[in-house]
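Structure at a glance
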Amino acid sequence: MIVNEIKVNDQTDLRILTLDDTSVIYSAIIENRIFFRTWLPFVDSTKDVSDTRAFVKSIVDDVERRQEVFTIWHQNQFAGLLGLKEIDYLNRRLEIGYWLIESRCGKGIMTLSVEALMAFCFDDLGMNRVQIRCGVGNTKSSAIPKRLGFTLEGIERAGERHLNHYIDLEVFSFLKKEWIEL
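A brief report on the enclosed structure follows. Owing to the predicted nature of the structure, the values given are computational and were not obtained by experimental measurement.

Below, the discussion takes up the overall build of the chain. From N to C terminus, the chain includes six helices and eight strands. Along the longest, intermediate and shortest principal axes, the C-alpha atoms of the chain span 45 × 35 × 35 Å. The burial tally for the chain puts 45% of its 182 residues in the buried class. Considering only intrachain contacts with a sequence separation of at least 6, the fraction spanning at least 24 residues in the chain is 60%. One way to put it: in the chain the 23 positive side-chain charges average out to a point 3 Å from where the 27 negative ones average out.

With that settled, consider unusual backbone geometry. For Asn 76, which is not glycine, the phi dihedral falls at a positive 60 degrees. For Asn 76, a relative accessible area of 61% translates into the label exposed. With a phi close to 50 degrees, Ala 158 is a non-glycine residue in the positive phi region. Along the polypeptide, Ala 158 turns up in strand E7 (residues 151-162). Judged by relative accessible area, which is 43%, Ala 158 ranks as partly exposed.

What follows concerns the packing of helix H1 (residues 22-31) against helix H3 (residues 49-60). The N-to-C vectors of H1 and H3 enclose an angle of 125 degrees; their axes lie 9 Å apart at closest approach. Judged on the interaxial angle alone, H3 and H1 are oblique. The handedness of the crossing between H1 and H3 comes out as right-handed. Touching Thr 22, Ile 25, Tyr 26 and Ile 29 of H1 are Val 49, Thr 52, Arg 53 and Val 56, all from H3. Within the contact of H1 with H3, the residues separate by chemical class into five nonpolar, two polar and one charged.

Turning our attention to the sheet that holds strand E5 (residues 93-100). Spatially, the eight strands line up as an open sheet ordered E1-E2-E3-E4-E5-E6-E8-E7, and their pairing is mixed. Strands with a single pairing partner mark the edges of an open sheet, and in this sheet they are strand E1 (5-7) and E7. Strand-to-strand twist across the sheet, computed as the mean angle between neighbouring axes with direction ignored, equals 25 degrees. As judged from the five bridges shared by strand E2 (residues 12-16) and strand E3 (residues 68-74), these two strands associate in the antiparallel manner. Along E3, the bridge assignment pairs Arg 15 with Thr 71.

Inspection of the sheet shows strand E6 (residues 129-135) paired to strand E8 (residues 165-175) by seven bridges, in the antiparallel sense. By the bridge assignment for E8, Arg 133 is matched with Val 171. Taking the residues that link successive antiparallel strands as the turn, the E7-E8 hairpin has two residues, and the phi of Leu 163 there is positive, at about 50 degrees.

For Arg 129, the location among the structural elements is in strand E6. Under the relative-accessibility criterion, Arg 129 is labelled buried at 19%. Once residues lying within four places of it in the same chain are set aside, the contact partners of Arg 129 are Arg 92, Arg 93, Leu 94, Phe 122, Glu 153, Val 171, Ser 173, Phe 174 and Leu 175.

Criteria and thresholds
- Residues numbered from 1 in each chain as written.
- Predicted model: local features only at pLDDT ≥ 70, side-chain atom pairs only at ≥ 80, totals over all residues.
- Heavy atoms only, no water.
- Helix = DSSP H or I, 4+ residues; strand = E, 2+ residues; numbered from the N terminus.
- Buried < 20%, exposed > 50% of the residue type's maximum accessible area, 1.4 Å probe, protein only.
- Contact = heavy atoms within 4.5 Å.
- Lys, Arg positive; Asp, Glu negative; His and termini not counted.
- Charge placed at Lys NZ, Arg CZ, Asp CG, Glu CD.
- Axes fitted to C-alpha atoms, helices over the stretch in contact; angles between N-to-C directions.
- Parallel < 35°, antiparallel > 145°, perpendicular 65-115°, else oblique.
- Left-handed = near helix turned anticlockwise from the far one by under 90°.
- Nonpolar A, V, L, I, M, F, W, Y, C, P; charged D, E, K, R; others polar.
- Pairing = 2+ DSSP bridges.

So, in structure tokens, the structure goes:
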């Protein structure tokens, strides 16, 4: 059961990704290319709006619902993406991935958005485990699961290919029993 919108607070909403979002996402990638390039492997392969359209279409057309992506809107302006990846309904687990445009960083938008999405995952989807993986050294990204009380399980060695080399990933998790105890 995926909803079309999740209200984070009076300034921020998560809206389910649609093909209409293609242009705003592509523009954000182009405008933030240097900022994103350090940690996001897809940036260099995004050369044209058709590349972004293909990504969006793959999410929208995913009939098995193995992933869902939300756009983040802060003060009615596009701020980034927040997605549920590798959704495993049988084992009730998934991974959260995210990115935020540079001008919106440091305002708590992503932490609040991830927390709202966690509530949806545990309370509405009935998930038992939520995982976040961050590149080792990406302190802004890893600060989010740390702030939210995730457990650092360890390092996934050479977990992601990026800029012609592999980077290690910190693996964080949060369990439903921990959510209930909050």
